[in-house]
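Examining the three-dimensional arrangement
One-letter residues, chain by chain:
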Amino acid sequence: MAAFLRTRRERLDPDDFALPARRRARRTPGLRREEVAELAGVSTDYVVRLEQGRGLRPSAPVVQALSRALRLPPDERAYLFNLAQQHPGAPDKPTTTAPPPLAHLVTDLSPHPAMLMNHRYDILARNPEMAALLPDFDTLPPLHRNAMWLCLLHPAMRGFYDDREHTLREGIAHLRAAWAAHPDDRTLTDLITEFTTRDEDFARLWEEGDVKVNGRGTKVLHHPAVGTITVDFDVLVPLQDPDQRVLIYRAANPESRSALDRLRAQHP
């Protein structure tokens, strides 16, 4: 929380705030702590202690006030609430198995490739089209059936994503938000430690602290059997299982639809 508050304060432009002219001269970027304190309606000492990580747990109203003062977008505001353990409705324990209705939904989404993941990106269910799309997926042990592990550490998928860094940024943003929401999930913490230790790109992007989660977009994939596939994707969050995500791919053009059809024919 200390690092997050500090970096968000430092990125603000003082010219965007109605500050007295005498406060405009400064040597470091961003707002000063006393300015954030004034905007949030708390003491400067309180902001200093928060940024120094001195064991404070701000209340929900204080978190809301800090979010407004720092002009946090919705994803970052939710992240700060989670860091303060003030986010309403957070489940006591994250779900790590596929509820049967969601597993059936993933199957019924065929012929569109689809899979169900939990907050750690563990793949809990997938339909045959998604299994065929992920190289060598069925040969992997259950421990490695994790979307981020595949992207980072599975040799067969090293060149799978055309824009690997963008894909990593999106995945890391989700993992950081999940990590804040579930600070006691040791398995998730161990995963992040493994990724940080074994992949320098992950370590670099993790340090940037991005928490903007993207639930829709387009990806270009390079499959070893059928070539380039461009897909539009949507990530859906079930109301009764908010820690899980249903990912759906749809062909973005006729060539990609033909490639997916060929892939499905190879894996009946």
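Let us look at the structure shown here.

Here is what the cut-offs are and how they apply
- The residue count restarts for each chain, going from 1 along the sequence in the order it is written.
- For a predicted model such as this one, the threshold for reporting local features is a pLDDT of at least 70, and the threshold for listing and counting side-chain atom pairs is 80 or more; totals across whole chains, interfaces and linings nevertheless cover every residue.
- For the side-chain quantities, the full set of heavy atoms in the structure was used; hydrogens and water were omitted.
- Only buried residues count toward a nonpolar core, which is a set of Ala, Val, Leu, Ile, Met, Phe, Trp, Tyr and Cys residues joined through side-chain atoms within 4.5 Å.
- Three exposure classes are used, based on accessible area relative to the maximum for each residue type with a 1.4 Å probe and protein chains only: buried under 20%, partly exposed in between, and exposed over 50%.
- A run of H or I in DSSP counts as a helix once it spans at least four residues, and a run of E counts as a strand once it spans at least two, with each numbered from the N terminus.
- The criterion used for residue contact is that any of the two residues' heavy atoms lie within 4.5 Å.
- To estimate the expected span of a helix, count its residues, drop one, and scale the result by 1.5 Å.
- This arc describes the spread of directions from the helix axis toward the C-beta atoms.
- Orientation is described by axes fitted as lines to C-alpha atoms, over the contacting stretch for helices, and by angles from 0 to 180 degrees between their N-to-C directions.
- It is the rotation of the near helix from the far one that decides the hand of a crossing: anticlockwise by less than a right angle makes it left-handed, clockwise makes it right-handed.
- Amino acid classes used here: Ala, Val, Leu, Ile, Met, Phe, Trp, Tyr, Cys and Pro are nonpolar; Asp, Glu, Lys and Arg are charged; the rest, including Gly, are polar.
- Paired strands are those between which DSSP finds at least two bridges.
- Polar contacts, as used here, are pairs of N or O atoms within 3.5 Å; protein pairs need one atom able to donate a hydrogen and one able to accept it. Residues neighboring in sequence count only if both atoms are side-chain atoms.
- Each reported salt bridge corresponds to a side-chain nitrogen of Lys or Arg within 4 Å of a carboxyl oxygen of Asp or Glu.
- Stacked, tilted and edge-to-face pairs are distinguished by plane angle, under 30 degrees for stacked and over 60 for edge-to-face with tilted covering the rest, among Phe, Tyr and Trp rings (Trp via its six-membered ring) whose centres lie within 6.5 Å.
- Note on geometry: a ring has a charge over it if NZ (lysine) or CZ (arginine) is within 6 Å of the ring centre and within 35 degrees of the ring normal.

What follows covers the nonpolar core. In this structure, Leu133, Leu134, Met148, Phe195, Phe202 and Tyr249 are the most contacted members of the largest nonpolar core, which totals 43 residues. At 7 residues, helix 8 (residues 147-153) tops the list of elements feeding residues into this core. Here Tyr249 is in contact with His112, Pro113, Met130, Leu133, Tyr161, Lys219, Leu221, Val231, Asp232 and Phe233, once residues within four sequence places are set aside. Membership of the second largest hydrophobic core comes to 23 residues, among which are Phe4, Leu5, Val63 and Leu70.

Attention now moves to helix 12 (residues 254-266). Here helix 12 contains 13 residues, and its C-alpha end-to-end distance of 19 Å stays within 8% of the 18 Å for a straight helix at 1.5 Å per residue. Every buried residue of helix 12 is listed here: Ser256, Ala259, Leu260 and Leu263. Along the long axis of helix 12, the arc covered by the buried residues comes to 95 degrees, so they all point the same way. Looking at helix 12, the residues exposed on the side facing more than 90 degrees away from the buried face are Pro254 and Ala265. Against the buried residues of helix 12 lie helix 7 (128-133), strand 3 (216-223), strand 4 (227-236) and strand 5 (245-251).

This part covers unusual backbone geometry. Ser110 connects to Pro111 through a cis peptide bond whose omega is 10 degrees. Of note, Pro111 is situated in the loop between helix 6 (100-108) and strand 1 (114-117). A positive phi angle, near 55 degrees, is found at Arg71, a position not held by glycine. The class for Arg71 is partly exposed, based on a relative accessible area of 47%.

It is worth spelling out the packing of helix 2 (residues 33-40) against helix 3 (residues 44-51) at this point. Here helix 2 crosses helix 3 at 115 degrees, and the two axes come no closer than 8 Å. For helix 2 against helix 3, the interelement crossing comes out right-handed. Across the interface between the two elements, Arg33, Glu34 and Ala37 of helix 2 pack against Thr44, Val47, Val48 and Glu51 of helix 3. Tallied by class, the residues present in the contact of helix 2 with helix 3 amount to 3 nonpolar, 1 polar and 3 charged.

Looking now at the sheet that holds strand 3. Reading across from one edge, 2-1-5-4-3 is the order of the 5 strands in this open sheet, with antiparallel pairing throughout. Unpaired on one side and paired on the other, strand 2 (123-126) and strand 3 mark the two borders of the sheet. Here the average twist between neighbouring strands, direction ignored, is 30 degrees. Where helix 6 meets the sheet, it contacts strand 1 and strand 2, and its direction lies at approximately 160 degrees from that of strand 1.

Attention now moves to the side chain of His174. Relative to the elements of secondary structure, His174 occurs in helix 9 (residues 164-181). Overall, the relative accessible area of 6% leaves His174 in the buried class. Only 3.0 Å separates the side chain of His174 from the backbone oxygen of His119, close enough to count as a polar contact. Setting aside residues no more than four positions away along its own chain, His174 makes contact with Asn118, His119, Tyr121, Val213 and Arg245.

Our next topic: the side chain of Arg9. Of note, Arg9 is situated in helix 1 (residues 2-10). In this structure the side chain of Arg9 is engaged in a polar contact, spanning 2.7 Å, whose partner is the backbone oxygen of Leu31. If near-sequence neighbours (up to four positions away) are discounted, Arg9 is found in contact with Gly30, Leu31, Arg32, Arg33, Val36, Glu51 and Leu70.

Okay, the pattern of salt bridges next. Inspection of every chain in the model, using the stated rule, returns 22 salt bridges. The partner of Glu51 in a salt bridge is Arg9, and the shortest N-O contact between them spans 2.7 Å. In this pair, Glu51 is assigned in helix 3 and Arg9 in helix 1, connecting sequence segments 42 residues apart. For the pair shown, Glu51 and Arg9 are each scored as buried. Residue Asp201 is joined to Arg164 by a salt bridge in which the shortest nitrogen-to-oxygen separation is 3.0 Å. Of this pair, Asp201 sits in helix 11 (residues 200-207) while Arg164 sits in helix 9; the two residues are 37 residues apart in sequence, bridging distant segments of the chain. The network of salt bridges with common partners includes Arg158, Arg164, Glu165, Arg169, Asp199, Asp201, Arg204 and Glu208.

Now for the packing of aromatic side chains. Counting across every chain of the model gives 5 aromatic pairs. Look at Phe160 and Tyr161: their rings are 5.1 Å apart centre to centre, the planes differ by 85 degrees, and that puts the pair in the edge-to-face class. For Phe160, a relative accessible area of 1% translates into the label buried. Tyr161 sits in the buried class, given a relative accessible area of 12%. In this structure an aromatic cluster arises from ring pairing among Trp179, Phe195, Phe202 and Trp206. A cation over a ring is seen here: Arg71 above Phe17, with NZ or CZ 3.9 Å from the ring centre. Lying over the aromatic face of Phe233, Lys219 brings its terminal NZ or CZ to 4.8 Å of the ring centre.

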